[in-house]
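Breakdown of the fold
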Amino acid sequence: MKLPIYMDYHSTTPCDPRVVDAMLPFFTEKFGNSASRNHSFGWESEEAVELARKQIARLIHADSKELVFTSGATESDNLALKGVVEMYRQKGDHIITSATEHRAVIDPAKALEKKGIKVTYLSVEKTGRVNPDDVRNAITDKTILISLMLANNEIGTIHPIKEIGKIAKEKGILFHCDATQGVGKIPVDVQDLGVDLMSFSAHKIYGPKGIGALYVRRKAPRVRLVPMLDGGGHERGMRSGTIPVPLVVGFGKACELCEQEMATESIRIAAMRDRLEEGINASLEESYLNGHPTERLPGNLNISFAYVEGEALLMGVKEIALSSGSACTSATLEPSYVLRALGVGSDLAHSSIRFGLGRFTTNEEVEYTIERMIKAVNHLREMSPLYEMAKEGVDLKTVEWAAH
Ligand SMILES: *Cc1c(COP(=O)(O)O)cnc(C)c1O
């Protein structure tokens, strides 16, 4: 086993070597512009792009003509929210999303608010799920878009998107889904889910960084968007710019591999994740699961270790790449807004660690991680006066802290 161990697959994934192999010729000998119609260099690239479109469309059960290539899910989310609002502004000025969306949705929604759009940020249940009834109740005759994620990037909770899709359809409202964490990990079918627009990204599924897609429904209804970039009119006018052929080829290959391997891979990864959870729980009291116990991504485990500060814990296990729910990077020292939205208290939110397992995670790495987490948590708790008081039976909630 080699150190450091990568256990942060929600933030990005390595390229699968088979993806790199597929991409390589398109940097050198096959370098044509896929929009060049007059020579074989262009034709060769166009053919590769069309094959990739088919591979990607197949994974999500779409038509390849319904894909718009972007630089990643952040751009796809921006294009979906801003492009729909600008196109359908005459019909209404209200959109619905949730409090636990990725910043790539929350921030465009806030930008739209500054321009006079009304935004409802739905709260979520304790497990992190949006309740479809809340969606139904939030709809007004001015609602033009609902945007909700398929699976959360921090807690892995999978939302009831299909049920919400039915409500959107029944009310005739466009439905966008940020499926970046779900595509390639769990079955995704745009027809079955009833989504009209869907964002996803190659680098979360063992493809290259810098390429993503927005699925835009062509029939029933035909979705229209105001583009964010003006230029050559590529991608049916929705996203101008020369197509990055090597990246698109890699994205296609990554989707093909996910399609072929998802069924077995998700079982293998979920089993390692379950072992990690059980190994930690067996030896560490007061460790609490964040998110949904079953409706969860196979590679996700988010746990709060009471009396331990997440950032301090990460410093104690530097040879394992993990992520914590306390944001020491932000000026406000606010813990994860996702955990806070679940009703997790500030202390436990600051104590949370996100484990992200993926294609290249091994059983050995999981066993090593269990052992190291137990040691590091116990070590920090031994130094914690709060933990000592709690062990002595003091109810910390009744303690009156001196102001300082
Ligand atoms: C990673 C992620 C994004 C951003 O994707 P990029 O391709 O890095 O721009 C958006 N939404 C979710 C849910 C993500 O996990």
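Residues numbered from 1 in each chain as written. Predicted model: local features only at pLDDT ≥ 70, side-chain atom pairs only at ≥ 80, totals over all residues. Heavy atoms only, no water.

Turning our eyes to something else, we now look at the domain arrangement of the protein. Once the domains are mapped, the protein shows domain 1 (5-9 + 262-398) and domain 2 (17-258). In this complex, domain 1 contributes 24 residues to the contact, which on the side of domain 2 involves 32 residues. The contact between domain 1 and domain 2 buries some 2,300 Å² in all, and 58% of this surface belongs to carbon and sulfur atoms. Sorting the residues of domain 1 by area buried against domain 2 places Met 262, Leu 297 and Arg 359 first, and these three jointly supply 31% of that buried surface. The interface formed by domain 1 and domain 2 holds one salt bridge in total. Linking Arg 129 and Glu 295 is a salt bridge whose minimum nitrogen-to-oxygen distance equals 4.0 Å. For the pair domain 1 and domain 2, the number of links is twelve residue pairs in polar contact (both at pLDDT 80 or more). (Domains from an automatic or database assignment. Contact = heavy atoms within 4.5 Å. Buried area = accessible area lost by both parts, 1.4 Å probe. Salt bridge = Lys/Arg side-chain N within 4 Å of Asp/Glu carboxyl O. Polar contact = N/O pair within 3.5 Å; in protein donor to acceptor, adjacent residues only side chain to side chain.)

Time to look at the sheet that holds strand S6 (residues 174-178). Pairing is mixed in the open sheet, where seven strands are placed in the order S2-S8-S7-S6-S5-S3-S4. With partners counted over all chains shown, the strands left at the sheet margins are strand S2 (67-70) and strand S4 (118-122), one partner each. Averaged over all neighbouring strand pairs, the angle between strand axes comes to 20 degrees, with direction disregarded. Across five bridges, the pairing between strand S3 (residues 94-98) and S4 is parallel. In the sheet register, Ser 98 faces S4, and the bridge partner there is Leu 122. With respect to the sheet, helix H2 (residues 40-60) is in contact with S2, strand S7 (197-201) and strand S8 (212-216), its orientation differing from that of S2 by roughly 110 degrees. (Pairing = 2+ DSSP bridges. Helix = DSSP H or I, 4+ residues; strand = E, 2+ residues; numbered from the N terminus. Axes fitted to C-alpha atoms, helices over the stretch in contact; angles between N-to-C directions.)

Taken together, the side chains of Val 20, Leu 24 and Phe 27 present a nonpolar region at the surface, about 260 Å² in accessible area. Given the relative accessible area of 49%, Phe 27 is considered partly exposed. (Patch = residues over 30% accessible without salt bridge, like charges linked within 9 Å, V, L, I, M, F, W, Y side chains within 5 Å. Areas by Shrake-Rupley, 256 points an atom, 1.4 Å probe, with all protein chains shown as cover. Buried < 20%, exposed > 50% of the residue type's maximum accessible area, 1.4 Å probe, protein only.)

Once that is clear, we can look at the packing of aromatic side chains. Enumeration according to the criterion identifies seven aromatic pairs in this entry. Considering the side-chain rings of Phe 31 and Phe 41, the 5.3 Å spacing of their centres and the 40 degrees angle between planes classify their relative orientation as tilted. Placement of Phe 31 in the loop between helix H1 (17-23) and H2 and of Phe 41 in helix H2 is noted, with a sequence separation of ten residues between them. Taking the relative accessible area as the measure of exposure, Phe 31 reaches 53% and is therefore exposed. Through pairs of rings, three or more aromatic residues link up here, namely Tyr 6, Tyr 9, Tyr 206 and Phe 360. (Phe/Tyr/Trp six-rings, centres within 6.5 Å; stacked < 30°, edge-to-face > 60°.)

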